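Coordinates in review
Below, each chain spelled out in residue letters.
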Amino acid sequence: MKNFTKILVANRGEIAIRVCRAATELGIRTVAIYAEEDKLSLHRYKADEAYRVGAGKGPVEAYLDIDSIIDVALRAECDAIHPGYGFLSENEGFARACQQAGITFIGPKPEHLRMFGDKVSAREVAVAAGVPVIPGTDGPVDLAGARAFAAEAGYPVIIKAVAGGGGRGMRVVRSEAELVEAFSRASSEAQAAFGEGGVYVEKYLEAPRHIEVQILGDQHGNLVHLFERDCSIQRRHQKLVEIAPSRLDASLRQRICETAVRLMRHARYENAGTVEFLLAPDGQFYFIEVNPRIQVEHTVTELVTGIDLVQAQIRVAEGYPLSAPEIGIHRQEDIQTRGYAIQCRVTTEDPRNGFLPDTGRITTYRSAVGFGIRLDSGNGYAGARVLPYYDSLLVKITAFALTFEAAAAKMHRSLQEFRIRGVKTNIPFLANVVRHPKFLAGECDVTFIDHHPELFR
Ligand code: ADP
């Protein structure tokens, strides 16, 4: 066991602040990095020290500048780097570069990043672990291969980027007539977003739910789940509202969680990670991918289990077993959920204009907290500039209460109480979601937003 004295946070925005807070509470000093364009962003002021990286490289590229980031970490004498989500968090080369520099990468091993970094190899691992996957091609295919699979499996199918993430490089194809165009669009989108145009094809499930299981493993072979989240409220395959626990019956819930544990034990996974499944209306569930990092929606799991996932990540990376008093998980049964948590992603996007990202200066920012409301924000203050270069997430609102209805009511109250002026946000849209009868009844699948135009009013 080594105790870290200083951690560099290789990220920006809300997750950088979240990690700094976790480290500070553990008595660990923090180092922020920032791009020149981001020099006024709040995350740099929430760390004990801050350094500019990637000089002359551009606002996003700076956070991807491995050499520059490792150089800062060494000069500032950091023991470890937390990558957050996005940017370098799933980059095997970065994890290895940290290792070579003698710095701990707070996350799984490089081989796990490789194993799960590509959706085709992740599927292979799932198959080897006896976990059900959606019928699909064995690997990347060309147009002829896609056509042959679709002819055999039947339409609709979904074309997915092998290197995919964030809902990009995905195309649903409902008939052979649509195939040629969808294939070329998915490939070029994949090439543009991931620098790799490889795609594969899966059977498209109609109206599934997205259920994912939070996993935590230590370096000593112990691995548990922290139950599941329902992330079915999505727009263009991107999550918008997340719930923990899901409102599934107990035995199905248990089977999904146990399946996730089986997969991650098979992979000898370490640190925090998420196994994602699609649950079909007939009750069958299928593996879709593993996210080998902390996720945006980890907050809901923290509220219902009481476990600080970012601190657990740090402790595990220091070498503590899950059973150490610092983490306190001796057996799976030590983890229970209590109540319900709902998270809404407030973004600077205009729902009435195709969710077009808005930018500019925030003139008014009055947040809405109170009992049962947690806020995680990046630049949530009056006077902040919303920059065009980055993700449009402004603040995550997480509501917790003992019943689902009460959590939804708290969320609605908070959304109504928020005042943000100067940039457009999706707050009115989110308020419509959390008071919708289908949402309250726990009946939403991934097509909910598409099928309910009244949410946009
Ligand atoms: P990404 O890595 O880009 O987030 P995922 O594979 O996790 O992509 O899928 C994101 C979402 O896309 C899922 O939650 C689901 O809504 C939809 N999706 C993915 N695969 C399928 C499929 N085979 N059938 C139906 N919907 C799918």
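Just above, that's the structure.
What comes next is a walk through the structure. The structure presented is a predicted model; accordingly, all values stated were derived computationally and were not measured. (Residues numbered from 1 in each chain as written. Predicted model: local features only at pLDDT ≥ 70, side-chain atom pairs only at ≥ 80, totals over all residues. Heavy atoms only, no water.)

**Considering the packing of aromatic side chains**
Across all of its chains, the model carries 12 aromatic pairs by this definition. For the ring pair Phe94 and Phe105, a centre distance of 6.0 Å and an interplane angle of 80° mean the geometry is edge-to-face. Linking Phe94 in helix α4 (residues 92–100) with Phe105 in strand β5 (residues 104–105), this pair joins segments that are 11 residues apart in sequence. Summarising the burial analysis for this pair, Phe94 and Phe105 share the class buried. Both rings, one in Phe429 and one in Phe456, keep their centres 4.9 Å apart while their planes meet at 55°; by these two values the pair is tilted. (Phe/Tyr/Trp six-rings, centres within 6.5 Å; stacked < 30°, edge-to-face > 60°. Helix = DSSP H or I, 4+ residues; strand = E, 2+ residues; numbered from the N terminus. Buried < 20%, exposed > 50% of the residue type's maximum accessible area, 1.4 Å probe, protein only.)

**Topic: the nonpolar core**
Core analysis: the biggest nonpolar cluster contains 62 residues, and Leu216, Leu263, Val275, Phe277 and Phe287 have the highest contact counts within it. Broken down by element, this core gets its largest block of residues, seven residues, from helix α9 (residues 250–266). Residues within four places of Phe277 in sequence aside, it is in contact with Val131, Arg209, His210, Ile211, Val213, Ile256, Thr259, Ala260, Phe285, Tyr286, Phe287 and Ile288. Residues Phe355, Ala368, Ala384 and Val386 belong to the second largest nonpolar core, which totals 38 residues. (Core = buried A, V, L, I, M, F, W, Y, C linked by side-chain atoms within 4.5 Å. Contact = heavy atoms within 4.5 Å.)

**A short note on the site of the ligand**
For the ligand, the set of nearby residues contains 21 residues, the closest of which are Lys119, Gly167, His210, Gln234 and Glu289. At a separation of 2.6 Å, an oxygen atom of the ligand approaches a polar side-chain atom of Glu289. Alone, the ligand offers 560 Å² of accessible surface; in the complex the protein occludes 96% of this. Only β6 (157–165), β7 (168–173), β8 (199–203), β12 (271–279) and β13 (285–291) provide two or more residues apiece to the shell around the ligand. Take the shell around the ligand: its biggest share by element is three residues, from β6. Partitioned by chemical class, the residues of the shell around the ligand number eight nonpolar, six polar and seven charged. (Near = heavy atom within 4 Å. Polar contact = N/O pair within 3.5 Å; in protein donor to acceptor, adjacent residues only side chain to side chain. Areas by Shrake-Rupley, 256 points an atom, 1.4 Å probe, with all protein chains shown as cover. Nonpolar A, V, L, I, M, F, W, Y, C, P; charged D, E, K, R; others polar.)

**Observations concerning the pattern of salt bridges**
The final tally for this structure, using the stated rule, is 35 salt bridges. The shortest N-O distance in the salt bridge between Arg75 and Asp71 comes to 3.3 Å. Of this pair, Arg75 and Asp71 both sit in helix α3 (residues 66–75), four residues apart, which is roughly one turn of that helix. The class of Arg75 is exposed, set by a relative accessible area of 60%. Between Glu318 and Arg315 there is a salt bridge, and its shortest N-O distance comes to 2.8 Å. Here the residue Glu318 and the residue Arg315 both occupy positions in helix α11 (residues 309–318), the gap between them amounting to three residues, near one helical turn. Each member of the pair, Glu318 as well as Arg315, is classed as buried. Among the charged side chains, a salt-bridge network with shared partners connects Glu212, Arg229, Lys239, Glu242, Glu276, Glu297 and Arg345. (Salt bridge = Lys/Arg side-chain N within 4 Å of Asp/Glu carboxyl O.)

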